[in-house]
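Commentary on secondary and tertiary structure
These are the residues of each chain, in order.
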Amino acid sequence: MHAPRNIPLIFYATPPDHCPYLEGREMTTVFADPHGPMDVERYGRLLDAGFRRSGHHVYRHQCRGCDACVPIRVPAAAFCPDRSQRRAWRRNADLQTMVREAALDGEHFALYTRYVNQRHRGGGMDRPTPEGYWGFISSRWCETWLVEFRLQGRLVGVAVTDRLPQGLSAVYTFFDPELERRGPGTLAILWQLQEARRLGLPWVYLGYWNPLTPKMAYKVRFQPAQGLVDGLWQRVGPG
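This text gives an overview of the structure that appears in the document. From a predicted model like this one, the values you see are computed outputs, not experimental measurements.

What follows deals with the overall build of the protein chain. Of regular secondary structure, the protein chain possesses 6 helices and 14 strands. Here the C-alpha coordinates of the protein chain stretch approximately 50 × 45 × 40 Å along the principal axes. Here the protein chain holds 239 residues, and the buried ones make up 49% of them. A separation threshold of at least 6 residues defines the contact pool for the protein chain, and within that pool the share at least 24 residues apart is 66%. When the accessible surface of the protein chain is split by element, carbon and sulfur atoms take 53% of a total near 12700 Å². Side-chain charges in the protein chain split into 31 positive and 23 negative, and the spacing between the mean points of these groups amounts to 6 Å.

Looking now at unusual backbone geometry. With omega at 5°, the peptide bond leading from Q223 into P224 counts as cis. Inspection of the secondary structure assignment puts P224 in the loop between α6 (214-217) and β13 (226-229). Even without a glycine there, the phi angle at Q152 is positive, about 50°. Locating Q152 in the fold gives a position in the loop between β9 (143-151) and β10 (154-164). The class for Q152 is exposed, based on a relative accessible area of 77%. Even without being glycine, D230 reaches a positive phi, approximately 55°.

Moving on: the pattern of salt bridges. Enumeration over the complete set of coordinates arrives at 11 salt bridges. Taking the shortest distance from any N to any O, the salt bridge between D176 and R114 comes out at 3.0 Å. One end of the pair, D176, is in the loop between β11 (167-175) and α5 (184-199); the other, R114, is in helix α3 (residues 106-119), and 62 residues separate them in sequence. Taking relative accessible area as the criterion, D176 reaches 2% and is therefore assigned buried. E148 serves as the salt-bridge partner of R150, at 3.1 Å between the closest nitrogen and oxygen. Judged by relative accessible area, which is 2%, E148 ranks as buried.

Let us look at the sheet that holds strand β1 (residues 11-13). Ordered by their spatial adjacency, 4 strands build an open sheet running β1-β4-β6-β5, and the pairing between neighbours is antiparallel. The strands lining the two open edges of the sheet, one partner per strand, are β1 and β5 (52-54). Looking at each pair of strands side by side, their axes are set apart by 35° on average, direction ignored. Bridge analysis of strand β4 (residues 29-32) against strand β6 (residues 57-61) gives 3 bridges, and the strand direction is antiparallel. Within the sheet, the bridge partner assigned to V30 lies in β6 and is R60. In the packing of helix α1 (residues 40-47) onto the sheet, contacts are made with β1, β5 and β6, and the angle to β5 comes to roughly 120°.

Quick notes on the rules
Residues numbered from 1 in each chain as written. Predicted model: local features only at pLDDT ≥ 70, side-chain atom pairs only at ≥ 80, totals over all residues. Heavy atoms only, no water. Helix = DSSP H or I, 4+ residues; strand = E, 2+ residues; numbered from the N terminus. Buried < 20%, exposed > 50% of the residue type's maximum accessible area, 1.4 Å probe, protein only. Contact = heavy atoms within 4.5 Å. Areas by Shrake-Rupley, 256 points an atom, 1.4 Å probe, with all protein chains shown as cover. Lys, Arg positive; Asp, Glu negative; His and termini not counted. Charge placed at Lys NZ, Arg CZ, Asp CG, Glu CD. Salt bridge = Lys/Arg side-chain N within 4 Å of Asp/Glu carboxyl O. Pairing = 2+ DSSP bridges. Axes fitted to C-alpha atoms, helices over the stretch in contact; angles between N-to-C directions.

Note that every value here comes from positions in space, so none of it alone points to a role or purpose.
Below is the structure:
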């Protein structure tokens, strides 16, 4: 389904609120009118302008006096894994991978519940409902994959991934908290980069990189990463 090209998008800004990433700072979010026209091509252009999606909502951080959150992407063809990333790939060689179209699945939701209740306890994401979970990962206008990782048939991870004309976008990854030492989050990104290269897609978008918080700082390890800085995509991170 394609949105009418002659209908402009309207954008709104939220009032400043507590920043969930940096203590003592405020966050302002700009978001596209959720009732406005949207399709995968228009969203792809917004992604290149630093936007992301959460469910049907397309947003971008735009905080006064702070530019710590940087949209980041990795060129699939040029990506070169470092030593720890190669170890994570080998460590998970016994996992089976399957790509499924987005659909509400009880097994996925049960794993998601375990993950957020342990990793995000008290942060507003714990105690999820099936409706809230599905509203968070799904979109009516985007092609979304649920990439399953299984260990001897048991579901141990899911990488929610959007396919766009210019690449893959990592929406969210959740996994069995007991297997954290395997590096399932790293594995998910490595798989997305490998798949983008196989499909001939230029980019994998990793959301926001913030060097000031460990929750987001790790993304720059996937080199050669590019960040959207002052309106231009440019090399960021080591090297």
